[in-house]
Amino acid sequence: MNPLLGDRRATLILIGPALLIYSVVMLVPIIVSFGYTLTSGNAITGFTFSGLENYQRLLTDTRVRDALLLTVRYAVLMTILQVGFGYLLSLLYVFVLRKWSSAVRTLVFFPVVLPTVAVALLFQQMFAIAPQNGLVNTALEAVGLSSVDWFGDGGTAFLVIIIMDVWRSMGFYGVLLYAGLLDIPEEVFESARIDGASGFGLVRRIVLPLSLPVLVSSLIFSVNGTLKVFDSILALTNGGPGTSTSPLTIYMFDTSFRFGQYGYGSTVAFLLTVVSLLVTVFIFRANRRDLTKD
Amino acid sequence: MTSVDTAVPAVPAVPGSATPLRRPAPRRRGSSRRRVGQIVSGALVALLLVIVVGPLVWMLLGSFKTQTEFLEQPVWALPQQWNFDNYVFAWTQGNFAQYASNSVLTVFPSLLLVLLFGSMAGFALEVLVWKGRGAILITFLAGIMVPTQMILLPLFAAYFRLGLTGTLWPLLITYTATSLPLAVFLMATFFRAVPREIFEAAMLDGAGLIRSFFLVGLPMVRNALFTVGLVQFFMLWNDLLIALTFTNSGSLRTLQVGLLNFTGQFGSVQYGPLFAAICLNVVAILVIYLFLNKQVQKGLTAGAVKG
């Protein structure tokens, strides 16, 4: 105990404002939202108690099943792709570009800070077919293929979402993993090279194992973020065509604000919270087991 | 990383850039294989840059084109003249002046509050000694992981009951609260690196805890404040979910919600103004990023815990 730095009144004054705002605007609403799951109605019409009805509906609702599947499919695919491309970028920065990587890093990172809505509208135009072909369809026709109505079908629309989000996020993971690679001492590479390791062998036997911790934390960040995907899909396809690209977040938004069902909307939000907590805990534990095995 | 054979510079074979640095290579044997490798990696980097920059250049060019150019010229054609009519249209007809002012009026006040309260709490949690600080820190950490969707509906109901709906207050309050957990967490991490002795010395000089926070603590972490400010600025400025939930009328829209409604507002697509609107939305971000790209990259990756 350090008596100099222990003072009740000062502590209260310093932590008070943040704790008060955080409690009133986040903690209390989380609890209230949980309470909403047991009701039906909304802020304007008032709430009535409905027991476990919302949970029963959640289990049988095919739209929830589809939305959950889409969310998981998006999260898995995006995590593999954005961390994978990010890792390739970081290897490029460290081993190929070396001292000259700064400019490339800066450029490739730029899409990360762009507003998602702006990027989504830009990609809508790039993949447009009517009234006029966008860049992508024009390029397809130039090489003798025919134009594709990208947003007319759930499968191709999903593909555009993935392409756009990889474009937006790979620079971020590139820089994140680059910082991790820089932490590996140079002597390790030197001695590995003297032992005859080079190229892919060096990457596979030396670089990959040593960068595993930062790779795993990237995976956790990625899953945690991609499960909550909202902006990019809403702005690019608005969940369509139909509901074919609606993740849980958009379904929650629709039920709550378009149909005014706060109780059921909260139940969907609760499901989303449970899924992201489960996945985070799961990855943490899987990671810990691997590290103790080695 | 310095390699074992430093004789061959590891520059991609981009014409011009590599030549001044080329030195005579003593090891002849591997040099032709090296050359091929350089060309391949140079081509890869070029492709990467085209993929990243291409769409942005196309967007900028499009913002100067007229509607007839869009419909009659090929998509990759350069604009026939550099006029700013599209920008004027987007700024005035598209209400962008109003949207920008809404964004500024909500993002900057909450940034100020987040930095002040966040650094105060970070200091209290990391430097001060008191019972229960571990539990409080974990409580803040939990706030980073919980999806925002979980708090939207109760907040919407509360703002409605308090009569705040129809003003910018809901945005300002929600922005401040949702940014606090990450700010508190990051500031606590930064205070960890400041030696305790400095605060103890300030205390022995009779400064008092509050005074030593403002006069000694804050100046010591001003770089951290700047980093956290940048991270939160990008998160709030680009926010769509919260803005979409609490802006029920056109005059409250932030830049992002305004841009999202832009296509719907003008019926069939007005390409030029749309591209100009996208560019307008990007300009502020671009300027900040050009000047501060190192800090932005460092800050945003430090804030990666928030998905």
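Residues numbered from 1 in each chain as written. Chains lettered and ligands numbered in written order. Predicted model: local features only at pLDDT ≥ 70, side-chain atom pairs only at ≥ 80, totals over all residues. Heavy atoms only, no water.

Engineer: Looking at this structure, how should I read the interface of chain B and chain A?
Structural biologist: Interfaces are frequently sized by the accessible area removed from exposure as the parts join. Opposite the 97 residues of chain B that make contact, chain A presents 94 residues. Our count for the contact surface shared by chain B and chain A stands at zero salt bridges. Residue contributions to the side of chain B that touches chain A peak at 15 residues, all from helix α13 (residues 271-302) of chain B. Split into classes, the residues belonging to the side of chain B that touches chain A amount to 75 nonpolar, 18 polar and four charged. (Contact = heavy atoms within 4.5 Å. Salt bridge = Lys/Arg side-chain N within 4 Å of Asp/Glu carboxyl O. Helix = DSSP H or I, 4+ residues; strand = E, 2+ residues; numbered from the N terminus. Nonpolar A, V, L, I, M, F, W, Y, C, P; charged D, E, K, R; others polar.)

Engineer: Looking at this structure, how should I read unusual backbone geometry?
Structural biologist: Excluding glycine, a negative phi dihedral is what most residues carry, and trans is how most peptide bonds are arranged. Of note, A:N238 is a non-glycine position whose phi angle comes to about 50°, a positive value. Among the secondary structure elements, A:N238 is positioned in the loop between α11 (231-236) and α12 (248-258). Take A:N238: its relative accessible area is 49%, and that puts it in the partly exposed class. Phi is positive for B:N95, close to 65°, though the residue is something other than glycine. Summarising the element assignment, B:N95 is placed in the loop between α3 (85-92) and α4 (96-126). Here B:N95 falls in the partly exposed class, since its relative accessible area comes to 35%. (Buried < 20%, exposed > 50% of the residue type's maximum accessible area, 1.4 Å probe, protein only.)

Engineer: What is the right way to look at the packing of aromatic side chains in this model?
Structural biologist: A ring pair, where both rings are aromatic, is described by two values, the distance of the centres and the angle of the planes. Enumeration according to the criterion identifies 37 aromatic pairs over all chains in this entry. Both rings, one in A:Y251 and one in A:Y264, keep their centres 6.4 Å apart while their planes meet at 85°; by these two values the pair is edge-to-face. Taken as a pair, A:Y251 in helix α12 and A:Y264 in helix α13 (residues 262-293) lie far apart in primary sequence, 13 residues in all. Judged by its relative accessible area of 1%, A:Y264 is buried. Considering the side-chain rings of B:F108 and B:F233, the 5.8 Å spacing of their centres and the 40° angle between planes classify their relative orientation as tilted. Of this pair, B:F108 sits in helix α4 while B:F233 sits in helix α10 (residues 222-237), and the two are 125 residues apart along the sequence. For B:F108, a relative accessible area of 40% translates into the label partly exposed. Each member of the aromatic cluster is reached from another via a ring pair, and the members are A:Y36, A:F47, A:F230, A:F253, A:F257, A:Y262, B:F156, B:Y159 and B:F246. The lysine or arginine in question, A:R57, covers the ring of A:Y264, its NZ or CZ lying 3.6 Å from the ring centre. (Phe/Tyr/Trp six-rings, centres within 6.5 Å; stacked < 30°, edge-to-face > 60°. Lys NZ or Arg CZ within 6 Å of the ring centre and 35° of its normal.)

Engineer: Please clarify how empty space enclosed by the protein should be interpreted in this entry.
Structural biologist: Over the atoms, a rolled probe matching the size of one water molecule traces out where space is still vacant. Per the counting criterion, the structure on display carries five cavities of 30 Å³ or more. The space that makes up the second largest cavity amounts to roughly 120 Å³. Every residue lining the second largest cavity is counted, 14 residues in all, and those nearest its centre are A:Q132, A:N133, B:W58, B:F70 and B:V75. Put simply, the parts of the chain that give the lining of the second largest cavity at least two residues each are α2 (67-72) and α13 of chain B. (1 Å grid on protein atoms, 1.4 Å probe; cavity = no way out; pocket = protein on both sides within 12 Å on 5 of 7 lines; lining within 4 Å. Points joined across faces, edges and corners; volume = space filled by probe spheres on them.)

Engineer: I keep staring at the packing of helix α3 (residues 62-97) of chain A against α12(A) and nothing clicks. Help me out?
Structural biologist: Helices that pack against each other are described as a pair by the angle of their axes relative to one another and the distance between those axes. Residues and elements named next belong to chain A. Put simply, α3 and α12 touch, their axes get as near as 8 Å, and they point 145° apart. The segment α3 lies against α12, with R63, V64, A67, L68 and T71 engaging L248, Y251 and D254. Across the contact of α3 with α12, the residue classes break down as five nonpolar, one polar and two charged. (Axes fitted to C-alpha atoms, helices over the stretch in contact; angles between N-to-C directions.)

Engineer: Is there a simple way to explain the environment of A:G84 in this structure?
Structural biologist: Its place among the elements puts A:G84 in helix α3. Here the alpha-carbon distance between A:G84 and A:Y251, two residues 167 residues apart in the chain, equals 29 Å.

Engineer: I'm lost on α3(A) in this one. Help?
Structural biologist: Every α-helical turn comprises 3.6 residues, leaving residues that sit three or four positions apart pointing alike. All names here are of chain A. Taking 1.5 Å per residue as the helical rise, α3 with its 36 residues ought to reach 52 Å, and the 50 Å between its terminal C-alpha atoms agrees with that figure. Measuring from the side-chain oxygen of the N-cap residue of α3 to the backbone nitrogen of R63 gives 2.9 Å; that N-cap residue is D61. With its phi angle positive at about 50°, R98 sits one or two positions after the end of α3. (Expected span 1.5 Å × (residues − 1). Polar contact = N/O pair within 3.5 Å; in protein donor to acceptor, adjacent residues only side chain to side chain.)

Engineer: Can you help me understand the pattern of salt bridges in this one?
Structural biologist: Opposite charge on two side chains lets them pair, provided their charged atoms get close. Evaluation of the coordinates by the stated rule reveals five salt bridges over all chains. One salt bridge in this structure joins A:D66 and A:R65, with 3.7 Å as the shortest N-O distance. With a shortest N-O distance of 3.7 Å, B:E126 and B:R196 are connected by a salt bridge. Note that B:E126 is positioned in helix α4 and B:R196 in helix α8 (residues 196-204), a separation of 70 residues in sequence. Under the relative-accessibility criterion, B:E126 is labelled buried at 12%. Three or more residues are tied together by salt bridges with common partners; here these are B:E126, B:R192 and B:R196.

Interpretation note: all reported values are geometric properties and have no functional meaning in isolation.
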